[in-house]
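# Overview (structure and organization)
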Amino acid sequence: MTTGDPTVNKRGEEGRRGFLQVVLGTGFAGLSLSVLYPTWRFIFPPKNTRVAEAVVRVGTVDDFAPNSGKLFRFGDEAALLIRTPDGDFRAFLGTCTHLACNVEYRPDLTQIWCACHDGRFDLTGRNVQGPPPRPLTSLVVQIQEGEILVSRQT
Amino acid sequence: MQIIKLGFEWLDERFHLGDLIEFAKHKTVPMHHSIWYYFGGITLFLFLIQLATGILLLMYYRPTEAAAYESVQYIISEVPFGWLVRSIHSWSANLLIAAAAIHMFSVFFLKAYRKPRELTWVTGLILLALFMGFGFTGYLLPWNRLSFFATKVGTEMLNILPIVGDTMMQMIRGGEHVTGATLTRMFGFHVALLPAMVAILISVHLLFVQRQGMSAPLNIRPPKEMPFFPNFVLRDLMVWIGVLVILSTLSLYFPWELGLEADPIAPAPSGIEPEWFFLWVFQLLRIMPSEVLGVDGRLIIFAVIGVLGIGWTLVPWIDRKAAEGRPNKLLQRAGLFLLVAVSILTIWAKFFHHA
């Protein structure tokens, strides 16, 4: 009686068909994921882990007159070392907090200055004039036997 | 679902997609149960994989003498899944050449080249040559010792050709010697020139297949037909998944080696060899005496390969019998001889010549 019933037959077939579709769909989704995930991860480069960049030797104390500054390479970025008119050494990441131009030291202003949009920072890196929204990122300056070593704040 | 339907209707109104679907519904291909019919599709699939992985590798690879090796090392050691992407690219390249070669020989032995498909045969041969060009140029890109010297030898061979040889060699090397200039040039060929040429030729090749339909072997006629969609497409897809499994297994368990960085002033290491699909030429050059009756042996090999290449290209026109639907035993045997000879030379060079 049941075998002769077309609706039952049809339902059974639909059940099998639905089951197959779930199996195939899951398989295809898994395959897609196993391709897409590595691709996605590959696109983003690994974080720089080179230890050599932890501490950068910028020069000796005698290389810098008071009221002067110098940009130097710090990992992938530029950093700025300044010697204040008082003779102190300070270092900051050289990237302006406004739109990422490189800043420079202006002895005539005794300020750190960004040429792109006339942003200004004082000798502690505080944004004092113009568009920069935040102070510059400070770095740690150590002086060992006359050598100036700059590292990131921990 | 509604948005897909609306989008389809919008496009259909402008491009008459309905016609294309109607066409796809009625397209049929010859019924067959032979695996040889899948190798063209496999080649295409592997080429798509080469495109995708090649574009990924381009994100990190640097084509200069100073940075190339280091950048590949960076890819395989630090970039997430970089080892996998690079391994797949190398393995897929080799499988692609193999699939294309199998495709070519099956077309030859099943006589699918016969009228009216002469130009499909010719475009296919050009495509195989371009793929070998991909292999040759890509081989140098990691700038390792093996590939550096293999490229020296490979390009030096051009120099043997009279009159034009030296100019051609310098064109490819970008100077007298294999240097960073060669690397940059090979890179340009590999990622710009060859892909453009292959894209055009694949389009033409597929257009021909589409216009004329698939060939059926001589002894089957009239062939039964089956719908292209979904029957044949699904079979193709299943084969592609199988190929993907093989490719992943090879890439995972036998990751492609990088070797040592090229050193232009170091002596050539032992075991220098080109990629396997050039080995038969390599072996011929090794066993040929340097002079035969006063003629440079290498030049003789070039001449023989040149004549064979031209003959092979003209096979659809040489084989008049096939066009009339009759078998051609002589040509069949010549083809078989060529296949066996090339195979023996390759195996000889790969496994039995080191002693």
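Residues numbered from 1 in each chain as written. Chains lettered and ligands numbered in written order. Predicted model: local features only at pLDDT ≥ 70, side-chain atom pairs only at ≥ 80, totals over all residues.

### A few points about the overall build of chain B
A count of helices and strands for chain B gives 15 helices and four strands. For chain B, the C-alpha radius of gyration of 23 Å lies close to 20 Å, the compact-globule estimate for 355 residues. Expressed along its principal axes, the backbone C-alpha trace of chain B runs to roughly 65 × 55 × 35 Å. (Helix = DSSP H or I, 4+ residues; strand = E, 2+ residues; numbered from the N terminus. Rg over C-alpha atoms; globule rule 2.2 N^0.38 Å.)

### Digging into the domain arrangement of chain A
The domain boundaries assigned to chain A delineate domain 1 (1-44) and domain 2 (51-152). When each unit is reduced to the centre of its C-alpha atoms, the spacing between domain 1 of chain A and domain 2 of chain A is 61 Å. (Domains from an automatic or database assignment.)

### Focus on the interface of chain B and chain A
Taken together, the nine residues of chain B in the interface contact seven residues of chain A. If one sorts the elements of the side of chain B that touches chain A by residue count, helix 5 (residues 82-109) of chain B sits on top with three residues. Looking at the side of chain B that touches chain A residue by residue, the classes come out as seven nonpolar, one polar and one charged. (Contact = placed C-beta atoms within 7 Å. Nonpolar A, V, L, I, M, F, W, Y, C, P; charged D, E, K, R; others polar.)

### So, the nonpolar core
Ile42, Leu46, Leu96, Ala99, Leu140 and Trp143 of chain B are the most contacted members of the largest nonpolar core, which totals 53 residues. Where this core is concerned, the elements lending two or more residues are helix 3 (39-58), helix 4 (68-77), helix 5, helix 6 (118-140), helix 7 (145-156) and helix 9 (180-212) of chain B. Setting aside anything within four residues of it in sequence, one finds Trp143 of chain B in contact with Glu65, Ala68, Tyr69, Phe148, Leu183, Glu261 and Ala262 of chain B. The next biggest cluster of nonpolar side chains, apart from the first, holds 18 residues, and it includes Ile82, Tyr105, Phe121 and Leu139 of chain A. (Core = buried A, V, L, I, M, F, W, Y, C linked by C-beta atoms within 7 Å. Buried ≥ 20, exposed ≤ 12 C-beta atoms within 10 Å, placed from the backbone.)

### Topic: the packing of helix 6 of chain B against helix 9 of chain B
All names here are of chain B. Two elements in contact, helix 6 and helix 9, have axes whose closest approach is 9 Å; the angle formed by their N-to-C orientations is 160°. If you check the angle between helix 6 and helix 9, you find them roughly antiparallel. Our pair here, helix 6 against helix 9, has a crossing hand that is left-handed. Split by residue class, the contact of helix 6 with helix 9 holds 17 nonpolar, eight polar and no charged. (Axes fitted to C-alpha atoms, helices over the stretch in contact; angles between N-to-C directions. Parallel < 35°, antiparallel > 145°, perpendicular 65-115°, else oblique. Left-handed = near helix turned anticlockwise from the far one by under 90°.)

### What to know about the sheet that holds strand 6 (residues 111-114) of chain A
Residue and element names in this part refer to chain A. Overall, antiparallel pairing links the four strands, which are arranged 5-6-7-8 in an open sheet. In this open sheet, the two edge strands, each paired with only one partner strand, are strand 5 (104-106) and strand 8 (127-129). Each strand of the sheet is rotated relative to its neighbour by a mean of 40°, with strand direction disregarded. Across three bridges, the pairing between strand 6 and strand 7 (residues 119-121) is antiparallel. In the strand pairing of strand 7, Ile112 is matched with Phe121. (Pairing = 2+ DSSP bridges.)

### Regarding unusual backbone geometry
Between Lys115 of chain B and the following residue, Pro116 of chain B, the backbone shows a cis peptide bond with an omega angle of 15°. Mapping Pro116 of chain B onto the fold places it in the loop between helix 5 and helix 6. That bond from Phe229 of chain B to Pro230 of chain B is cis: its omega, 5°, falls within 30 degrees of zero. Among the structural elements, Pro230 of chain B can be located in helix 10 (residues 228-253). Phi is positive for Ala100 of chain A, which is not a glycine, with a value near 70°. Taking the C-beta count within 10 Å as the criterion, Ala100 of chain A has 11 such neighbours and is therefore assigned exposed. With phi around 55°, Trp143 of chain B is a residue other than glycine that occupies positive phi space. In this fold, Trp143 of chain B is placed in the loop between helix 6 and helix 7.

### Section: the sheet that holds strand 10 (residues 147-152) of chain A
All names here are of chain A. Pairing within the open sheet is antiparallel, and its six strands lie in the order 1-10-9-4-3-2. Among the strands making up the open sheet, the edge pair consists of strand 1 (55-60) and strand 2 (68-74). Looking at each pair of strands side by side, their axes are set apart by 30° on average, direction ignored. Here strand 4 (residues 89-93) pairs with strand 9 (residues 138-144) via two bridges, running antiparallel. The partner of Phe92 across the bridge, within strand 9, is Ser138.

### Thoughts on the pairing of strand 2 of chain A
Looking along a regular strand, one sees side chains alternate from face to face of the sheet. All names here are of chain A. With seven bridges connecting them, strand 2 and strand 3 (residues 77-83) associate as antiparallel partners. Bridging from a neighbouring strand, Gly69 pairs with Ile82 of strand 3. Count of turn residues in the strand 2/strand 3 antiparallel hairpin: two residues, of which Gly75 carries a positive phi of about 65°.

### Notes on the environment of Gly242 of chain B
Residue and element names in this part refer to chain B. With respect to the element layout, Gly242 can be found in helix 10. What makes Gly242 exposed here is the crowd of 12 C-beta atoms within 10 Å. Each C-alpha atom of the pair Gly242 and Ser290 lies 46 Å from the other, and the pair is 48 residues apart in sequence.

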